[in-house]
Amino acid sequence: MKSNRKTFGIVIIGNEILSGKTLDTNSHLICSELNNVGMVCKEIVTIPDVEKIISEKVNLFRQKFDFVFTTGGIGPTHDDKTSNAVTNAFGDTLALNKDAKERLEKHYSDDLLTDARLKMAYVPSRAKLIDNPVSIAPGFYVENVFVFPGVPKILEVMLKDVSK
């Protein structure tokens, strides 16, 4: 008997998870929150900060499941490659999102809005933003793929808003 429940897959992104430096609590959080609204997780995978691997996994999961949730790789550091990878997965272009830039400009003074932080305002051109009341830098979604930061406290707040 086939269930009518919406399915989802989770892609955890980060070398720090794979090396054991950081414990993944995000998959548990996402599964708990979405199970409470009637969705069912079908697969969870942890992958490195490698654009090609991220793009391939996002494309695979977005075909297999109703929704895809990624965590990690959208911050200001050199190894944050998820935005580029998701852009490539959709055959889109990475663009400076004006709304995201304005949010960051309001949050940071001129001397603190570095190029690295401004990087967090670049998302696929077709993306819609996901609010981040904790650290301001937004997540985003394109079609059925939702892209979140890897910091659990930030993810928790953003996910509650999205899963309403």
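Refer to the structure presented above.
The paragraphs below set out a description of the structure included in this document. Note that residues are indexed from 1 along each chain, following the sequence as it is written. The model is predicted, so local features are restricted to residues of pLDDT at least 70 and side-chain atom pairs to those at 80 or more, both for listing and for counting; the totals for chains, interfaces and linings are taken over all residues. Just so you know, side-chain values use all the structure's heavy atoms and leave hydrogens and water out.

**Some points on the overall build of the protein**
And then number 1: Helix and strand definitions follow DSSP, with helices as H or I runs of at least four residues and strands as E runs of at least two, each counted in order from the N terminus. A count of helices and strands for the protein gives 7 helices and 8 strands.
And then number 2: Projected onto its principal axes, the C-alpha coordinates of the protein cover approximately 60 × 35 × 30 Å.
And then number 3: Each residue's exposure class comes from its accessible area (1.4 Å probe, protein chains only) as a fraction of the maximum for that residue type: buried when under 20%, exposed when over 50%, partly exposed otherwise. Expressed as a percentage of its 164 residues, the buried residues of the protein come to 43%.
And then number 4: A separation threshold of at least 6 residues defines the contact pool for the protein, and within that pool the share at least 24 residues apart is 67%.
And then number 5: Carbon and sulfur atoms provide 52% of the accessible area of the protein, an area that totals close to 8700 Å².
And then number 6: One finds the centroid of the 21 positive side-chain charges in the protein at a distance of 6 Å from the centroid of its 21 negative side-chain charges. Note on contacts: a residue pair qualifies if any of its non-hydrogen atoms lie within 4.5 Å across the two residues. For every accessible area listed, the method is Shrake-Rupley and the probe measures 1.4 Å; residues are considered covered only by the protein chains on display. We count Lys and Arg on the positive side and Asp and Glu on the negative side, and we leave His and both chain ends out. In plain terms, the charge of a residue is placed at NZ if it is Lys, CZ if Arg, CG if Asp and CD if Glu.

**Re the packing of aromatic side chains**
And then number 1: Between 30 and 60 degrees the pair is tilted, below 30 it is stacked and above 60 it is edge-to-face, where a pair is any two Phe, Tyr or Trp rings, Trp via its six-membered ring, whose centres lie within 6.5 Å. Per the counting criterion, the structure on display carries 6 aromatic pairs.
And then number 2: Considering the side-chain rings of phenylalanine 8 and phenylalanine 69, the 5.7 Å spacing of their centres and the 90 degrees angle between planes classify their relative orientation as edge-to-face. On the criterion of sequence distance, the pair formed by phenylalanine 8 in strand 1 (residues 7–13) and phenylalanine 69 in strand 3 (residues 67–71) is long-range, its members being 61 residues apart.
And then number 3: Phenylalanine 8 sits in the buried class, given a relative accessible area of 0%.
And then number 4: Relative to phenylalanine 65, the ring of phenylalanine 61 has its centre 5.1 Å away and its plane inclined at 85 degrees; by these criteria the two rings are edge-to-face. Across the pair, exposure class does not vary: phenylalanine 61 and phenylalanine 65 are buried alike.

**Comments concerning the packing of helix 3 (residues 51–64) against helix 4 (residues 82–89)**
And then number 1: Think of each axis as a best-fit line through the C-alpha atoms, taken over the contacting stretch in the case of a helix, with angles from 0 to 180 degrees between the N-to-C directions. At a minimum axis separation of 8 Å, helix 3 and helix 4 run at an interaxial angle of 50 degrees. Put simply, helix 3 runs oblique to helix 4. Where helix 3 crosses over helix 4, the handedness of that crossing is right-handed. Contacts between helix 3 and helix 4 involve Glu51, Ile54, Ser55, Val58, Asn59 and Arg62 from the former and Thr82, Asn84, Ala85, Val86, Asn88 and Ala89 from the latter. What sets the label is the angle itself: under 35 degrees gives roughly parallel, over 145 gives roughly antiparallel, 65 to 115 gives roughly perpendicular, and the rest give oblique. Working rule for handedness: look at the near helix, and if it is turned counterclockwise from the far one by less than a right angle, call the crossing left-handed; if clockwise, right-handed.

**Some thoughts on a nonpolar patch on the surface**
And then number 1: Residues with no salt bridge and a relative accessible area higher than 30% make up the patches, which join like charges within 9 Å and nonpolar side chains (Val, Leu, Ile, Met, Phe, Trp, Tyr) within 5 Å. We define a salt bridge as a contact between a side-chain nitrogen of Lys or Arg and a carboxyl oxygen of Asp or Glu at a distance within 4 Å. There is a patch of nonpolar side chains on the surface, built from Leu94, Leu96 and Tyr122 and spanning about 220 Å² of accessible area.
And then number 2: Relative to the assigned elements, leucine 94 resides in strand 4 (residues 94–96).

**Notes on the nonpolar core**
And then number 1: If you look at the biggest cluster of nonpolar residues, it comprises 29 residues, and the most contacted ones within it are Val11, Leu104 and Phe140.
And then number 2: Breaking this core down by element, the ones donating at least two residues are strand 1, strand 2 (40–47), helix 3, helix 4, helix 5 (98–107), strand 7 (139–142) and strand 8 (145–148).
And then number 3: If near-sequence neighbours (up to four positions away) are discounted, phenylalanine 140 is found in contact with Ile74, Ser83, Val86, Val123, Pro124, Ala127, Lys128, Leu129, Ile130, Val145, Phe146 and Val147. Side-chain atoms within 4.5 Å are what join buried Ala, Val, Leu, Ile, Met, Phe, Trp, Tyr and Cys residues into a set we call a nonpolar core.

**With respect to the packing of helix 2 (residues 26–35) against helix 7 (residues 152–162)**
And then number 1: Close contact between helix 2 and helix 7 brings their axes to 10 Å; oriented N to C, the two are set at 15 degrees. Classified by the angle their axes make, helix 2 and helix 7 are roughly parallel. As helix 2 runs across helix 7, the sense of the crossing is right-handed. For the pair formed by helix 2 and helix 7, the contact residues are Asn26, Leu29, Ile30 and Glu33 on the first element and Pro152, Leu155, Glu156, Leu159 and Lys160 on the second.
And then number 2: Three classes are used: nonpolar for Ala, Val, Leu, Ile, Met, Phe, Trp, Tyr, Cys and Pro, charged for Asp, Glu, Lys and Arg, and polar for all others, with Gly counted as polar. The class makeup of the residues in the contact of helix 2 with helix 7 is 5 nonpolar, 1 polar and 3 charged.

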